[in-house]
Amino acid sequence: GSMVSSTLKKLAINSIDTLFYHSYNDFIGSPNTLRELVLEVEKGRVKKIGVSVYTNQEIERLLDVKEVKVIQAPFNLLDNELQRADVFNRAKEIGKEIHTRSVFLQGLYFKSPNSITGHLTPLREQVQRINTIADSAGVSMECLALNYALSKPYIDRVLIGVDNVEQLQANLKAIQTGLPQEVANEIDQIMVEDIRLLNPSTWKA
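Residues numbered from 1 in each chain as written. Predicted model: local features only at pLDDT ≥ 70, side-chain atom pairs only at ≥ 80, totals over all residues. Heavy atoms only, no water.

Draft legend 1. Representation of helix α9 (residues 181-188) within the structure. Among all positions of α9, only V183, A184, I187 and D188 are buried. What you see down the axis of α9 is that its buried residues fit within an arc of 150°, all on one side. The inward-facing, buried residues of α9 contact α5 (81-93), α6 (124-137) and α7 (141-150). (Buried < 20%, exposed > 50% of the residue type's maximum accessible area, 1.4 Å probe, protein only. Helix = DSSP H or I, 4+ residues; strand = E, 2+ residues; numbered from the N terminus. Arc of directions from axis to C-beta. Contact = heavy atoms within 4.5 Å.)

Draft legend 2. Main features of unusual backbone geometry. Phi at A12 takes a positive value of approximately 55°, unusual for a residue other than glycine. Among the secondary structure elements, A12 is positioned in the loop between α1 (2-11) and β1 (16-21). For L105, which is not a glycine, the phi torsion comes out positive at approximately 45°. Following the sequence through the fold, L105 ends up in the loop between β4 (97-101) and α6.

Draft legend 3. Summary view of the nonpolar core. Counting residues in hydrophobic clusters, the biggest one holds 59 residues, and the most contacted among them are L78 and L144. Not counting residues up to four positions away in its chain, the partners in contact with L144 are L77, I130, A134, V139, L179, V183 and I187. (Core = buried A, V, L, I, M, F, W, Y, C linked by side-chain atoms within 4.5 Å.)

Draft legend 4. Spotlight on the environment of F110. Topologically, F110 is positioned in the loop between β4 and α6. Apart from the residues within four sequence positions on either side, F110 is in contact with F104, M141 and E142.

Draft legend 5. Examining the packing of α6 against α9 more closely. At a closest axis distance of 11 Å, the pairing of α6 and α9 adopts a crossing angle of 170°. One element, α6, and the other, α9, form an angle in the roughly antiparallel class. Between α6 and α9, the residues in contact are R129, I130, I133 and A137 and V183, E186 and I187, respectively. Split into classes, the residues belonging to the contact of α6 with α9 amount to five nonpolar, no polar and two charged. (Axes fitted to C-alpha atoms, helices over the stretch in contact; angles between N-to-C directions. Parallel < 35°, antiparallel > 145°, perpendicular 65-115°, else oblique. Nonpolar A, V, L, I, M, F, W, Y, C, P; charged D, E, K, R; others polar.)

Draft legend 6. Representation of the pattern of salt bridges in the model. Evaluated as defined, the whole model comprises eleven salt bridges. The partner of K48 in a salt bridge is D17, and the shortest N-O contact between them spans 3.8 Å. With K48 in strand β2 (residues 46-52) and D17 in strand β1, this pair connects stretches of sequence that are 31 residues apart. The shortest N-O distance in the salt bridge between D156 and K92 comes to 2.8 Å. Note that D156 is positioned in the loop between α7 and β5 (157-158) and K92 in helix α5, a separation of 64 residues in sequence. (Salt bridge = Lys/Arg side-chain N within 4 Å of Asp/Glu carboxyl O.)

Draft legend 7. Inspection of α7 at higher detail. When you tally the buried positions in α7, you get eight out of ten residues, the bulk of the element. Taken together, the buried residues of α7 touch α5, α6, β5, α8 (165-177) and α9.

Draft legend 8. Highlighting a nonpolar patch on the surface. Together, L150, I160, V162, L168, L172 and I175 line one region of the surface with nonpolar side chains, adding up to about 430 Å² of accessible area. At three residues, α8 tops the list of elements feeding residues into the nonpolar patch. Position of L172 among the secondary structure elements: in helix α8. (Patch = residues over 30% accessible without salt bridge, like charges linked within 9 Å, V, L, I, M, F, W, Y side chains within 5 Å. Areas by Shrake-Rupley, 256 points an atom, 1.4 Å probe, with all protein chains shown as cover.)

Draft legend 9. Geometry of the packing of α7 against α8. Two numbers describe how α7 lies on α8: the axes approach to 8 Å, and their chain directions differ by 65°. Like other packed secondary-structure pairs, α7 and α8 cross with a definite hand, here right-handed. Touching E142, C143, L146, N147 and L150 of α7 are A170, N171, A174, I175 and T177, all from α8. Looking at the contact of α7 with α8, its residues break down into six nonpolar, three polar and one charged. (Left-handed = near helix turned anticlockwise from the far one by under 90°.)

Draft legend 10. Inspection of the side chain of N80 at higher detail. Along the chain, N80 turns up in the loop between β3 (68-74) and α5. Look at N80 and you get buried, because its relative accessible area is 0%. Here L77 takes part through its backbone oxygen, which lies 3.3 Å from a polar atom of the side chain of N80. Residues within four places of N80 in sequence aside, it is in contact with F75, A85, Y148, I187, D188 and I190. (Polar contact = N/O pair within 3.5 Å; in protein donor to acceptor, adjacent residues only side chain to side chain.)

Next up, the structure:
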(Lines give C-alpha, C1' and ligand atoms only; values in the text may rest on other atoms or scores of the structure.)
Protein backbone atom coordinates (compact mmCIF):
# COMPACT_ATOMS: atom_id res chain seq x y z
CA GLY A 1 0.00 0.00 0.00
CA SER A 2 2.66 2.47 1.05
CA MET A 3 4.65 1.67 -2.10
CA VAL A 4 1.74 2.86 -4.26
CA SER A 5 1.26 5.99 -2.12
CA SER A 6 4.90 7.02 -2.38
CA THR A 7 4.95 6.32 -6.12
CA LEU A 8 1.87 8.48 -6.68
CA LYS A 9 3.45 11.23 -4.62
CA LYS A 10 6.73 11.06 -6.55
CA LEU A 11 4.94 11.17 -9.89
CA ALA A 12 2.50 13.82 -8.63
CA ILE A 13 -0.53 11.91 -9.91
CA ASN A 14 -3.69 10.59 -8.27
CA SER A 15 -3.82 7.16 -9.82
CA ILE A 16 -1.89 4.69 -11.97
CA ASP A 17 -3.60 3.28 -15.04
CA THR A 18 -1.93 -0.15 -14.96
CA LEU A 19 0.51 -1.42 -12.38
CA PHE A 20 2.55 -4.31 -13.79
CA TYR A 21 4.34 -7.19 -12.17
CA HIS A 22 7.74 -7.29 -13.86
CA SER A 23 7.43 -11.02 -14.63
CA TYR A 24 5.18 -14.03 -14.14
CA ASN A 25 7.63 -15.31 -11.51
CA ASP A 26 7.29 -12.05 -9.57
CA PHE A 27 3.53 -12.49 -9.74
CA ILE A 28 3.43 -16.04 -8.38
CA GLY A 29 6.31 -15.40 -5.99
CA SER A 30 4.48 -12.72 -4.00
CA PRO A 31 0.84 -13.73 -3.43
CA ASN A 32 0.40 -11.16 -0.64
CA THR A 33 1.13 -8.32 -3.04
CA LEU A 34 -1.93 -9.20 -5.12
CA ARG A 35 -4.21 -8.75 -2.10
CA GLU A 36 -2.64 -5.36 -1.41
CA LEU A 37 -3.01 -4.29 -5.04
CA VAL A 38 -6.66 -5.35 -5.13
CA LEU A 39 -7.22 -2.99 -2.19
CA GLU A 40 -5.49 -0.22 -4.17
CA VAL A 41 -7.84 -0.90 -7.10
CA GLU A 42 -10.82 -0.68 -4.75
CA LYS A 43 -9.51 2.67 -3.48
CA GLY A 44 -9.18 3.84 -7.09
CA ARG A 45 -5.45 4.51 -6.83
CA VAL A 46 -4.63 1.74 -9.30
CA LYS A 47 -7.04 1.21 -12.19
CA LYS A 48 -5.76 -2.15 -13.44
CA ILE A 49 -3.32 -4.86 -12.44
CA GLY A 50 -1.10 -6.28 -15.17
CA VAL A 51 1.59 -8.94 -15.56
CA SER A 52 4.48 -8.84 -17.99
CA VAL A 53 5.10 -12.32 -19.46
CA TYR A 54 7.25 -14.15 -22.01
CA THR A 55 5.55 -17.41 -22.87
CA ASN A 56 2.11 -18.52 -23.98
CA GLN A 57 2.07 -20.93 -21.03
CA GLU A 58 2.37 -17.97 -18.66
CA ILE A 59 -0.52 -16.24 -20.44
CA GLU A 60 -2.64 -19.40 -20.16
CA ARG A 61 -2.03 -19.55 -16.42
CA LEU A 62 -3.22 -15.95 -16.11
CA LEU A 63 -6.47 -16.50 -18.00
CA ASP A 64 -8.18 -17.73 -14.82
CA VAL A 65 -6.79 -14.95 -12.60
CA LYS A 66 -9.67 -12.49 -12.63
CA GLU A 67 -7.71 -9.78 -10.77
CA VAL A 68 -5.20 -9.52 -13.63
CA LYS A 69 -6.79 -7.36 -16.31
CA VAL A 70 -3.76 -6.63 -18.53
CA ILE A 71 -1.19 -8.99 -20.03
CA GLN A 72 1.97 -7.58 -21.61
CA ALA A 73 3.82 -9.98 -23.93
CA PRO A 74 6.26 -9.88 -26.84
CA PHE A 75 4.88 -9.66 -30.38
CA ASN A 76 6.73 -8.93 -33.60
CA LEU A 77 7.47 -10.02 -37.15
CA LEU A 78 8.79 -13.42 -36.01
CA ASP A 79 7.08 -13.74 -32.62
CA ASN A 80 3.99 -13.28 -34.70
CA GLU A 81 0.41 -14.28 -35.46
CA LEU A 82 1.32 -17.97 -35.72
CA GLN A 83 2.98 -17.84 -32.30
CA ARG A 84 0.53 -15.67 -30.38
CA ALA A 85 -2.90 -15.15 -31.98
CA ASP A 86 -4.60 -18.13 -30.38
CA VAL A 87 -3.76 -17.30 -26.78
CA PHE A 88 -4.15 -13.53 -27.27
CA ASN A 89 -7.64 -14.06 -28.68
CA ARG A 90 -8.57 -16.28 -25.76
CA ALA A 91 -7.43 -13.58 -23.34
CA LYS A 92 -9.41 -10.94 -25.25
CA GLU A 93 -12.58 -13.06 -25.25
CA ILE A 94 -12.62 -13.05 -21.46
CA GLY A 95 -12.06 -9.30 -21.33
CA LYS A 96 -8.33 -8.96 -20.74
CA GLU A 97 -6.27 -6.23 -22.38
CA ILE A 98 -3.23 -7.20 -24.45
CA HIS A 99 -0.21 -4.91 -24.51
CA THR A 100 2.80 -5.95 -26.58
CA ARG A 101 6.48 -5.09 -26.54
CA SER A 102 9.65 -6.09 -28.42
CA VAL A 103 8.35 -4.93 -31.81
CA PHE A 104 11.91 -4.68 -33.20
CA LEU A 105 13.20 -7.79 -31.35
CA GLN A 106 16.21 -5.96 -29.88
CA GLY A 107 17.06 -4.43 -33.26
CA LEU A 108 17.44 -7.81 -34.97
CA TYR A 109 15.34 -6.66 -37.93
CA PHE A 110 17.74 -3.82 -38.68
CA LYS A 111 20.74 -6.11 -39.04
CA SER A 112 21.80 -7.36 -42.43
CA PRO A 113 20.94 -11.08 -42.56
CA ASN A 114 24.58 -12.03 -43.22
CA SER A 115 25.68 -10.37 -39.99
CA ILE A 116 23.39 -12.66 -37.95
CA THR A 117 25.72 -15.33 -36.61
CA GLY A 118 26.28 -17.71 -33.71
CA HIS A 119 23.24 -19.41 -32.24
CA LEU A 120 20.94 -16.89 -33.98
CA THR A 121 22.08 -18.11 -37.42
CA PRO A 122 18.84 -20.14 -37.84
CA LEU A 123 16.92 -16.81 -37.92
CA ARG A 124 18.96 -15.52 -40.86
CA GLU A 125 16.64 -17.03 -43.46
CA GLN A 126 13.52 -15.54 -41.86
CA VAL A 127 15.10 -12.08 -41.49
CA GLN A 128 16.04 -12.28 -45.18
CA ARG A 129 12.41 -13.13 -45.96
CA ILE A 130 11.20 -10.12 -43.94
CA ASN A 131 13.62 -7.87 -45.84
CA THR A 132 12.26 -9.17 -49.13
CA ILE A 133 8.67 -8.55 -48.00
CA ALA A 134 9.53 -4.97 -46.92
CA ASP A 135 11.35 -4.28 -50.20
CA SER A 136 8.59 -5.58 -52.43
CA ALA A 137 5.98 -3.65 -50.42
CA GLY A 138 8.16 -0.53 -50.67
CA VAL A 139 8.15 0.10 -46.91
CA SER A 140 10.94 0.57 -44.37
CA MET A 141 11.66 -2.13 -41.82
CA GLU A 142 10.53 0.26 -39.08
CA CYS A 143 7.24 0.81 -40.88
CA LEU A 144 6.74 -2.94 -41.41
CA ALA A 145 7.53 -3.87 -37.81
CA LEU A 146 5.38 -1.19 -36.15
CA ASN A 147 2.39 -1.48 -38.46
CA TYR A 148 2.36 -5.27 -38.32
CA ALA A 149 1.75 -5.18 -34.57
CA LEU A 150 -0.67 -2.25 -34.81
CA SER A 151 -2.75 -4.00 -37.49
CA LYS A 152 -3.81 -6.79 -35.14
CA PRO A 153 -7.30 -6.47 -33.66
CA TYR A 154 -6.36 -8.61 -30.65
CA ILE A 155 -3.61 -6.16 -29.58
CA ASP A 156 -4.70 -3.12 -27.56
CA ARG A 157 -1.39 -1.31 -27.17
CA VAL A 158 2.09 -1.52 -28.65
CA LEU A 159 4.95 -0.37 -26.42
CA ILE A 160 8.13 0.99 -27.94
CA GLY A 161 11.37 2.27 -26.47
CA VAL A 162 13.13 5.25 -28.01
CA ASP A 163 16.51 6.86 -27.40
CA ASN A 164 15.56 10.36 -28.44
CA VAL A 165 12.83 12.63 -29.82
CA GLU A 166 13.98 12.13 -33.44
CA GLN A 167 13.50 8.39 -33.10
CA LEU A 168 10.04 8.87 -31.65
CA GLN A 169 9.09 11.21 -34.49
CA ALA A 170 10.38 8.70 -37.05
CA ASN A 171 8.34 5.94 -35.38
CA LEU A 172 5.19 8.07 -35.37
CA LYS A 173 5.73 8.89 -39.03
CA ALA A 174 6.17 5.20 -39.88
CA ILE A 175 2.87 4.40 -38.17
CA GLN A 176 0.93 6.80 -40.41
CA THR A 177 1.84 4.79 -43.50
CA GLY A 178 -0.21 1.77 -42.45
CA LEU A 179 0.26 -1.67 -44.00
CA PRO A 180 -1.69 -3.40 -46.77
CA GLN A 181 -3.49 -6.50 -45.47
CA GLU A 182 -1.74 -8.80 -47.93
CA VAL A 183 1.65 -7.73 -46.56
CA ALA A 184 0.54 -8.54 -43.00
CA ASN A 185 -0.75 -11.88 -44.32
CA GLU A 186 2.71 -12.70 -45.68
CA ILE A 187 4.29 -12.02 -42.29
CA ASP A 188 1.62 -14.20 -40.67
CA GLN A 189 2.97 -17.19 -42.60
CA ILE A 190 6.52 -16.97 -41.22
CA MET A 191 7.13 -19.74 -38.72
CA VAL A 192 10.05 -19.94 -36.30
CA GLU A 193 10.16 -23.51 -34.99
CA ASP A 194 12.56 -22.92 -32.10
CA ILE A 195 10.74 -20.33 -30.03
CA ARG A 196 13.71 -19.96 -27.65
CA LEU A 197 15.39 -17.96 -30.42
CA LEU A 198 12.67 -15.33 -30.01
CA ASN A 199 13.46 -14.66 -26.36
CA PRO A 200 16.41 -12.21 -26.08
CA SER A 201 16.98 -13.19 -22.44
CA THR A 202 18.26 -16.54 -23.76
CA TRP A 203 20.58 -14.94 -26.34
CA LYS A 204 24.27 -15.40 -25.70
CA ALA A 205 26.57 -12.44 -26.17
